[in-house]
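# A closer look at the structure
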Amino acid sequence: LGRFYAGRKALDLAEQAVEAIRRAVEIAPEDVRTQFELGNALLIQGNARAQLGLDPTDAFRDALAAYGVSLELNPNQPRVHGNSAIVDLQLARWAWTHGEDPMGHTESARRSVETARGTEDYHPIQRFNVGESFREEALYRHLQGLDPTQLTALSRDSYNRGLEEWDFAVAAYVDVARSWRVDAEYLVEQGSDPAAAVSRALRSVGAALERDDDKDSAFVERAFSRTALAAALGGAQGRELARDALRDVDRACEVEPGDVANWYAKARVILRTEELFRAEPDRRDLLSEGLAAANEALSLNATHGRALAVRGALRMLVGQADQAKTDLQKALELNRHLTTRFEPWLDRAAG
């Protein structure tokens, strides 16, 4: 459903699917496939709720319960173990983006993969689930201003092992790029040179785009990587890279205009590079573009804490202190893990 529909339409269809399969379960509660399909429908429902900023945890927990019943009936189902890991990873992402600890969910995902490894028909795609579990932990640490690099290395190791056996997995190349980009951003924050990490990120983005030249998340990762290097370089060279990054996020928004992540990415790129344009005549227009992107993200998901925080910071830069304060307070209420990065902005707005 998610490949063809978005927003409320996707959620409505997912809810109809869940209702229909629940009726099938009532008729045949011990049918392995029906329980598996119920879990899949609930996973889609949870994803659709999360995209709209609605709490998906009940749907995800019901999905895990359905997969659990299916596995009780037949433990030798690597796909069910794998999908259980995917649900735990979605729960992990919801947790760290809403002020909670994701670690229990990421560890549970890895346990599901280990169990799947002992079944027949084990598939290397399961390595990507392990890589994603370490990636979520890395993003969680980085959001708090902590060193993510050990976790990003573990993430890359799992992804690369999977890619050795299944090298056309576009999303895996994007995730490898993301891990290098997180390293690059952390290096910039520590005053170190991010060039090597950015180079590796861009190489992985290139591999993704060779396989799918319209992959929006690849454009986003290239934009974030270029933004990290632009911040380190500064000056005219940094501005040129920042403009390249903006073209990337514009392309992502063009390819998938209904994805909140793309509009948030555009606002984030503008916030992170605005210092480079402080003496430029188009700086005000650039900040307006950033606010428009943040507004678009929040129209798709009104409880996207990071988009609220970025909009608050951008509002501070255009002299809207009262509105900035409201946004930043709400963002920190939604996700306390944003405190390290955005409390200084809130202090400015309140002062």
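A brief report on the enclosed structure follows. (Residues numbered from 1 in each chain as written. Predicted model: local features only at pLDDT ≥ 70, side-chain atom pairs only at ≥ 80, totals over all residues. Heavy atoms only, no water.)

## Here's the deal with the pattern of salt bridges
Applied cut-off: Put simply, a salt bridge is a Lys or Arg side-chain nitrogen that is within 4 Å of an Asp or Glu carboxyl oxygen. We count a stretch as a helix when DSSP gives it H or I for four or more residues in a row; a strand needs E for two or more, and each element gets its number in order from the N terminus. Each residue is assigned to one of three classes by its accessible area relative to the maximum for its type, calculated with a 1.4 Å probe on protein chains only: buried under 20%, partly exposed between the two thresholds, exposed over 50%.
Summed over all chains, the structure comprises 32 salt bridges. A salt bridge links Arg251 to Asp214, with the shortest nitrogen-to-oxygen separation between them at 2.4 Å. Of this pair, Arg251 sits in helix H11 (residues 235-255) while Asp214 sits in the loop between helix H9 (195-211) and helix H10 (216-233), placing them 37 residues apart in sequence. A residue is classified by how much of its surface remains accessible, and Arg251, at 27% relative accessible area, is partly exposed. The partly exposed category is assigned to Asp214, whose relative accessible area is 34%. With a closest N to O distance of 2.5 Å, Arg247 and Asp244 form a salt bridge. Linking Arg247 with Asp244, this pair stays in helix H11, spanning 3 residues, or about one helical turn. Each of Arg93, Glu132, Arg135, Glu136, Asp175, Arg178, Arg181, Glu185, Glu221, Arg268 and Arg272 takes part in a single network of salt bridges with overlapping partners.

## Quick notes on the environment of Asn295
Here Asn295 lies in helix H13 (residues 283-300). Along the backbone, Asn295 and Phe128 are 167 residues apart, and their C-alpha atoms lie at a distance of 33 Å.

## Overview of the side chain of Asn301
Going by this rule: We call two residues in contact when some of their heavy atoms are within 4.5 Å.
With respect to the helices, strands and loops of the structure, Asn301 is situated in the loop between H13 and helix H14 (305-317). What Asn301 contacts, discounting residues up to four positions off in sequence, is Ala50, Gln51, Leu52, Gly53 and Val260.

## Description of a negative patch on the surface
Cut-off, in case you're wondering: Residues form patches when they are more than 30% accessible in relative terms and have no salt bridge. Like charges link within 9 Å. Nonpolar side chains (Val, Leu, Ile, Met, Phe, Trp, Tyr) link within 5 Å. Exposure was quantified through the Shrake-Rupley algorithm and a 1.4 Å probe, taking into account, for residues, occlusion by the shown protein chains and nothing else. For the purpose of counting charges, residues Lys and Arg are taken to be positive, whereas Asp and Glu are taken to be negative. His and the chain ends are not included. Taken as the charge centre is NZ of Lys, CZ of Arg, CG of Asp or CD of Glu, depending on the residue.
On the surface, Asp55, Asp58, Glu100, Asp101 and Glu107 cluster together to form a negatively charged patch. Among the structural elements, Asp55 can be located in the loop between helix H2 (32-51) and helix H3 (57-73).

## Thoughts on helix H6 (residues 125-143)
Operational definition: Multiply 1.5 Å by the residue count of a helix minus one, and that product is the helix's expected span.
Helix length check: H6 (19 residues) gives 27 Å between terminal C-alpha atoms against 27 Å at 1.5 Å per residue, within 8%. Immediately downstream of H6, the backbone of Gly145 shows phi near 80°, a positive value.

## Side note on the packing of helix H15 (residues 321-334) against helix H16 (residues 339-350)
To be explicit about the condition: In this description, a line fitted to the C-alpha atoms serves as the axis of each element, helices being fitted only across the stretch in contact, and the angle between N-to-C directions of two axes falls anywhere from 0 to 180 degrees. Angles below 35 degrees are treated as roughly parallel, those above 145 as roughly antiparallel, those between 65 and 115 as roughly perpendicular, and all remaining angles as oblique. Should the near helix be turned counterclockwise from the far one by less than a right angle, the crossing is left-handed, whereas a clockwise turn marks it as right-handed. Residues are sorted three ways: Asp, Glu, Lys and Arg are charged, Ala, Val, Leu, Ile, Met, Phe, Trp, Tyr, Cys and Pro are nonpolar, and all the rest, Gly among them, are polar.
At their nearest, the axes of H15 and H16 sit 9 Å apart, and the two run at 150° to each other. If you check the angle between H15 and H16, you find them roughly antiparallel. Viewed along their axes, H15 and H16 form a crossing whose handedness is left-handed. When H15 is examined against H16, the residues Ala321, Ala324, Lys325, Leu328, Gln329 and Leu332 are found in contact with a partner set consisting of Thr339, Phe342, Glu343, Trp345, Leu346, Ala349 and Ala350. Classifying every residue of the contact of H15 with H16 gives 9 nonpolar, 2 polar and 2 charged.

## A closer look at the packing of aromatic side chains
Our working definition: Classification of ring pairs uses Phe, Tyr and Trp, with its six-membered ring standing for Trp, and accepts pairs whose centres are within 6.5 Å; under 30 degrees between planes counts as stacked, over 60 as edge-to-face, and the remaining range as tilted.
Following the criterion strictly, the structure yields 4 aromatic pairs and no others. Centroid distance Phe36 to Tyr67: 5.9 Å. Interplanar angle 40°. Geometry classified as tilted. Here Phe36, found in helix H2, pairs with Tyr67, found in helix H3; they are 31 residues apart in sequence, far enough to count as distant. Taken individually, Phe36 and Tyr67 each receive the classification buried, so the pair is uniform in this respect. Among the aromatic residues, ring-to-ring pairing joins Phe128, Tyr159, Trp166 and Phe168 into one connected group.

## Observations concerning the environment of Arg49
Mapped onto the secondary structure, Arg49 falls in helix H2. Arg49 has contacts with Leu11, Leu54, Asp55 and Pro56, leaving out every residue within four places of it along the chain.

## As for the side chain of Arg178
The following threshold applies: In protein, a polar contact means a hydrogen-donor-capable atom and an acceptor-capable atom, both N or O and within 3.5 Å, with residues adjacent in sequence counting only if both atoms are side-chain atoms; elsewhere, any N or O pair within 3.5 Å suffices.
In this structure, Arg178 sits in helix H8 (residues 170-189). For Arg178, the side chain forms a polar contact with the side chain of Asp175, separated by 2.3 Å. Beyond its immediate stretch of four places on either side in the chain, Arg178 contacts Arg135, Leu139, Ser217 and Glu221.

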